[in-house]
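Architecture at a glance
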Amino acid sequence: MISWLFIGLVITILLTPGPTNTLLASSGIQVGVRKSLRLIPAESCGYLIAITVWGFIIGTVSAKFPVLPIILKLVSAGYIVFLAIKLWKTADIEASFNLPTIRPRELFCATLLNPKALLFASAVFPGTAWLSINHYIAHILMFLLLIVPIALFWIFIGSILASNKVDRKSVV
């Protein structure tokens, strides 16, 4: 019922840097892995709601406007590319480790508004997921299962960066 293509696309897109992953890594930097674990349910809920809403909209509106899913896929993919380029251009900006701690509410809102949710709903989840409750449940559960290790990965990356902080002035 669930294809390997679906699993591969979910993993690839969830691993792509974006607003949610940046916040997870930042939390790993700021408070470590253990305290950052409380953010994973917030990410899961944000994606659950956003993907479901986008999928429902796409499933109902695309019957009248069949070109809508194609347009939404292009817009969301373009926006993700824009965010990736923007993040890449800011890679050399000096990090500040004295930012306020990231709370679940902020991560939930960032995930709820994350353009990846639209991409998941319009391009990754099969069209049958929006027509059959059984297909929807199977795919959303697999999606939510995949979020956990990938969120842990981003948090762990952040914690590693925090443990390897190097004072650039002492290097020069």
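Numbering of residues starts from 1 in every chain and runs along the sequence as written. Since the coordinates come from a predicted model, pLDDT governs what is reported: local features require at least 70, and pairs of side-chain atoms require 80 or more to be given and counted, while whole-chain, interface and lining totals use all residues. By convention in this description, side-chain values take in all heavy atoms of the structure and omit both hydrogens and water.

1. Points about the overall build of the protein chain
Secondary structure elements follow DSSP: runs of H or I no shorter than four residues count as helices, runs of E no shorter than two count as strands, and numbering proceeds from the N terminus. When you go through the protein chain residue by residue, the secondary structure sums to eight helices and zero strands. For the protein chain, the residues scored as buried account for 36% of the 172 residues in total. When contacts within the protein chain are restricted to residue pairs at least 6 apart in sequence, those whose partners lie at least 24 apart make up 87%. In this description, accessible areas are obtained by the Shrake-Rupley approach with a 1.4 Å probe, and a residue is regarded as covered only by the protein chains that are shown. Total accessible area computed for the protein chain in this model is approximately 10200 Å², and 73% of it derives from carbon and sulfur atoms. To sort residues, take the accessible area from a 1.4 Å probe on protein chains only and compare it with the maximum for the residue type: under 20% means buried, over 50% means exposed, and anything in between is partly exposed. Every residue pair with non-hydrogen atoms within 4.5 Å of one another is taken to be in contact.

2. A closer look at a nonpolar patch on the surface
Like-charged residues are merged into a patch within 9 Å and nonpolar side chains (Val, Leu, Ile, Met, Phe, Trp, Tyr) within 5 Å, provided each residue has over 30% relative accessible area and no salt bridge. One speaks of a salt bridge when a side-chain nitrogen belonging to Lys or Arg is within 4 Å of a carboxyl oxygen belonging to Asp or Glu. Judged by side-chain polarity, L48, I49, V53, W54, F56, I57, V61 and F65 come together as a nonpolar surface patch covering roughly 680 Å² of accessible area. For V61, the position within the fold is in helix α3 (residues 40–61).

3. Things to note about the confidence of the model for the protein chain
Per-residue confidence from the predictor is reported as pLDDT, a score between 0 and 100. Mean pLDDT over the protein chain stands at 85; residues scoring 70 or higher make up 85%. Helix α1 (residues 4–15) holds the highest mean pLDDT among the elements of the protein chain, 97, whereas helix α8 (residues 168–171) holds the lowest, 45. pLDDT under 50 marks residues 166–172. Its contacts with residues more than four places away, or in other chains, come to two contacts.

4. Thoughts on the packing of aromatic side chains
Pairing of aromatic rings covers Phe, Tyr and Trp, the last through its six-membered ring, and needs centres within 6.5 Å; plane angles under 30 degrees mean stacked, over 60 mean edge-to-face, and all others mean tilted. The tally for this structure, following the rule as stated, stands at eight aromatic pairs. With a centroid separation of 5.8 Å and 80° between ring planes, the pair formed by F153 and W154 is classed as edge-to-face. Its relative accessible area of 13% is what places W154 among the buried residues.

5. What to know about helix α6 (residues 115–124)
Burial analysis of α6 places nine of its ten residues in the buried class, the great majority of the element. Within the sequence span of α6, burial applies to P115, K116, A117, L118, L119, F120, A121, S122 and V124.

6. Some details on the nonpolar core
A general trend in soluble globular proteins is that nonpolar side chains are found buried together. V10, L14, Y47, I51, F120, F125 and F143 are the most contacted members of the largest nonpolar core, which totals 35 residues. Counting residues per element, this core draws most heavily on helix α7 (residues 133–163), which supplies nine residues. In plain words, nonpolar cores are sets of buried Ala, Val, Leu, Ile, Met, Phe, Trp, Tyr and Cys residues tied together by side-chain atoms within 4.5 Å.

7. Here's the deal with α3
Taking 1.5 Å per residue, 22 residues should reach 32 Å; α3 reaches 31 Å between its end C-alpha atoms and fits that length. Within α3, burial applies to I40, A42, E43, S44, G46, Y47, A50, I51, G55 and I58. Multiply 1.5 Å by the residue count of a helix minus one, and that product is the helix's expected span.

8. As for the packing of α3 against α7
The convention used is that axes are lines fitted to C-alpha atoms, helices contributing only their stretch in contact, and that angles between N-to-C directions extend from 0 to 180 degrees. Relative to each other, α3 and α7 sit at 145°, their axes nearing to 10 Å. Taken as a pair, α3 and α7 cross one another with a handedness that is right-handed. Together, I40, E43, S44, Y47, L48, I51 and T52 of α3 and Y136, I140, F143, L144, I147, V148, A151, L152 and I155 of α7 make up the contact between the two elements. Charged residues are taken to be Asp, Glu, Lys and Arg, nonpolar residues to be Ala, Val, Leu, Ile, Met, Phe, Trp, Tyr, Cys and Pro, and polar residues to be all remaining types, Gly included. Looking at the contact of α3 with α7, its residues break down into 13 nonpolar, two polar and one charged. Should the near helix be turned anticlockwise from the far one by less than a right angle, the crossing is left-handed, and should it be turned clockwise, the crossing is right-handed.

9. Section: the pattern of salt bridges
Enumeration according to the criterion identifies one salt bridge in this entry. For R103, the salt bridge goes to E106, with nearest N and O atoms at 2.4 Å. You can call E106 partly exposed: its relative accessible area is 30%.

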